[in-house]
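Chain by chain, the residues run as shown.
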Amino acid sequence: MKRLCDLVDCDLDIEVSGVADDSRLVKEGYVYVATKGYNVDHYDYIDMAIEKGCSCVVADRKVDYDIPYVIVDNINDKFYDICSKFYDVDPAEFNFVGITGTDGKTTTAYLVNEILSKKEKTTYIGTLGALIGDKSMDIHNTTPIVSELYDTLRWSKDNGSYNVVMEVSSEALLHKRVKHFKYKVAGICNITEDHLNVHKTIENYIACKKSLLDYLDKDGYAIVNGDDDNCKDIVSNNLVKFGFDKSNDCTIEILDENLKGTKFNINYQDKTYCIYTPLVARYNVYNVTMAFLICYHLGFDADFIIDAISTISNISGRRERLDFGQDFEIILDYAHTLNGIKNVIESVPKDRDIIVVTGAAGGREKSKRRKIGKFILENCNTAIFTMDDPRYESVDEIIDQMVEDSDKEYIRIIDRVEAIHKAFDIAKPNSTVLVLGKGRDTYMAIEDRKDYYCDYDTISDYFNKR
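Residues numbered from 1 in each chain as written. Predicted model: local features only at pLDDT ≥ 70, side-chain atom pairs only at ≥ 80, totals over all residues. Heavy atoms only, no water.

### Re the overall build of the protein
Okay, step 1: When helices and strands are counted, the protein shows 15 helices and 25 strands.
Okay, step 2: Taken over C-alpha atoms, the radius of gyration comes to 23 Å for the protein, in line with the 23 Å a tight globule of 466 residues would show.
Okay, step 3: When its C-alpha atoms are laid out on the principal axes, the protein stretches across 75 × 55 × 40 Å.
Okay, step 4: The long-range share in the protein, meaning contacts at least 24 apart out of those at least 6 apart in sequence, stands at 63%.
Okay, step 5: Accessible surface computed for the protein: about 20,400 Å², of which carbon and sulfur atoms make up 44%.
Okay, step 6: Side-chain charges of the protein comprise 58 positive and 80 negative groups, with the mean position of each set lying 2 Å from the other. (Helix = DSSP H or I, 4+ residues; strand = E, 2+ residues; numbered from the N terminus. Rg over C-alpha atoms; globule rule 2.2 N^0.38 Å. Contact = heavy atoms within 4.5 Å. Areas by Shrake-Rupley, 256 points an atom, 1.4 Å probe, with all protein chains shown as cover. Lys, Arg positive; Asp, Glu negative; His and termini not counted. Charge placed at Lys NZ, Arg CZ, Asp CG, Glu CD.)

Following this line, the structure appears as structure tokens:
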């Protein structure tokens, strides 16, 4: 518990049990900070915060309610300060690594975290939650909202971890959640079309992703995929571009790739480093290379990094191969963008019978649905379209949009459990079943609810019952 007068300059000695600038998250005894959001003025929701039990309000204008309040200038900046004081954390205490990109940021951030954790206690914050070794903390976004992010840093500090590897989403950058963070190293995996329902134009989305480099420490390094068309014009201090193209600062050369792993050379600063990773597919070569360069520029020995990479064989929900004793291959993956789905499908040998189970999320960018559907239909043997976080949209209408640009046959099964089971029922020994879109998520977003659902549990149950 804190007192309001400890959080903001005022004479109100009111006990505060929590901090929020979203009225939906307010609980009894919270201070509600009426910030100005990207699309909403939270001042308009003070009445809802009061109904939820807030004990006081911080705003930038007079509050017309019978509740203690404080008026401040620069309300959004004040919110960071209040969170910092309430949770007893200063971002300057931490060594941050930030990774963004349309695809690949989870795998890359996880790899970096695993490598660093072999030497020093390190916190991962991202799609997989918040992790410190075998400890975990649930978070609600890839990059949490400001109050939750500062709470996560407090948890990290309480567990003795001051090294933080973060996935930084485009929405987090848009809403400036990491405004007061300074990154020792920042990486951009790639930038392809996504989240246009939020950013409106691809130009806005690209600019948002690139803005991560604005938060680099003055001596920090920017690690960027130089093969990506939307990253070629990036300019930054201590910029390292990597990729297969010989014009990059760091170049990659594949030596051997098969279903058991990948061996490749990294040529950087007049030295050649031979890397072996149990991860497969060319897109993972990019992820591993970025992880190597990030750790290298954090000061870790190259041989140590290479050895650590060779031990990381499976990443939860990221091209995760599942073995339940079946005679066909199952790959579980979070891929939900055109680029991500393309990467996963193209990583499967052409002589395999490819069965894809996926859908498209409701309340998100609609224009990409037909592109995703067309690519799947033209590049797999059997497509099964199903639900994937429909929210307030009709699953049938979403599927209609996915298949509208192709006349290829497909299977429509609304219930995701039935869809996955159908894929296994028709699979042959030469089949690879790709279950895409949810990874290891543990919910299905239906209307305004998040009902418990997990692809992995569905898959496990199928084989356990047999």
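Additional details are given in the paragraphs that follow.
### With respect to the sheet that holds strand β21 (residues 382-385)
Okay, step 1: Read from one edge of the open sheet, six strands run β18-β19-β23-β20-β21-β22, paired in mixed fashion. What marks the edges here is a single partner per strand, and that holds for β18 (320-322) and β22 (411-412).
Okay, step 2: Across five bridges, strand β20 (residues 353-358) lies against strand β23 (residues 431-436) in parallel orientation. Within β23, the position partnered with Ile354 by the bridge is Thr432.
Okay, step 3: Contacts from helix α14 (residues 416-426) reach β19 (329-333), β20, β21, β22 and β23, with the element oriented near 175° to β20. (Pairing = 2+ DSSP bridges. Axes fitted to C-alpha atoms, helices over the stretch in contact; angles between N-to-C directions.)

### Concerning the nonpolar core
Okay, step 1: Leu4, Val58, Met166, Val178, Phe181 and Tyr183 are the most contacted members of the largest nonpolar core, which totals 56 residues.
Okay, step 2: If we skip the residues at most four places from it in the chain, Leu4 touches Cys10, Leu12, Ile14, Val16, Val31, Cys56, Val58 and Val70.
Okay, step 3: Counting 46 residues, the second-largest nonpolar core is a separate cluster that includes Ala360, Ile376, Leu377 and Tyr453. (Core = buried A, V, L, I, M, F, W, Y, C linked by side-chain atoms within 4.5 Å. Buried < 20%, exposed > 50% of the residue type's maximum accessible area, 1.4 Å probe, protein only.)

### Here we look at the side chain of Gln326
Okay, step 1: Counting through the fold element by element, Gln326 comes out in the loop between β18 and β19.
Okay, step 2: By relative accessible area, which is 15% here, Gln326 ends up buried.
Okay, step 3: Within the structure, the side chain of Gln326 is placed 2.7 Å from the backbone nitrogen of Phe324, a separation counted as a polar contact.
Okay, step 4: At 3.0 Å, the side chain of Gln326 and the backbone oxygen of Phe328 are in polar contact. (Polar contact = N/O pair within 3.5 Å; in protein donor to acceptor, adjacent residues only side chain to side chain.)

### Things to note about the sheet that holds strand β8 (residues 122-126)
Okay, step 1: Sheet architecture is open: 11 strands sit in the order β10-β9-β8-β11-β7-β12-β13-β14-β15-β16-β17, paired in mixed fashion. Across the chains shown, the open sheet's two edge strands, defined by having one partner strand only, are β10 (135-137) and β17 (271-277). On average, adjacent strands in this sheet sit at an angle of 20° to one another, irrespective of strand direction.
Okay, step 2: Sheet topology note: the strand β12 (residues 183-188)/strand β13 (residues 216-225) ladder contains five bridges and is parallel. Its bridge partner lying in β13, Ala186 is registered against Ala222.
Okay, step 3: Across the sheet, helix α9 (residues 282-297) lies against β7 (95-100), β12, β13, β14 (239-243), β15 (250-258), β16 (261-268) and β17, angled at about 45° from β16, the strand it touches most.

### Structural notes on the packing of aromatic side chains
Okay, step 1: Per the counting criterion, the structure on display carries 22 aromatic pairs.
Okay, step 2: On the basis of an interplanar angle of 10° and a centroid distance of 4.4 Å, the ring pair of Phe96 and Phe181 is categorised as stacked. Taken together, the positions of Phe96 in strand β7 and Phe181 in the loop between α6 (170-174) and β12 put the pair 85 residues apart, joining distant regions of the chain. With respect to burial, Phe96 and Phe181 carry one shared label: buried.
Okay, step 3: An angle of 15° between the planes, with centres 5.9 Å apart, marks the rings of Phe292 and Tyr296 as stacked. Residue Phe292 and its partner Tyr296 are both found in helix α9; the two are separated by four residues, about one turn of the helix.
Okay, step 4: Taking the relative accessible area as the measure of exposure, Tyr296 reaches 22% and is therefore partly exposed. (Phe/Tyr/Trp six-rings, centres within 6.5 Å; stacked < 30°, edge-to-face > 60°.)

### Examining the side chain of Arg416
Okay, step 1: For Arg416, the position within the fold is in helix α14.
Okay, step 2: The class for Arg416 is buried, based on a relative accessible area of 2%.
Okay, step 3: For Arg416, the side chain forms a polar contact with the side chain of Asp455, separated by 2.8 Å.
Okay, step 4: Apart from residues no more than four positions distant in its own chain, Arg416 is found in contact with Thr358, Gly359, Thr386, Met387, Asp388, Val435, Leu436, Gly437, Lys438, Met444, Tyr453 and Asp455.

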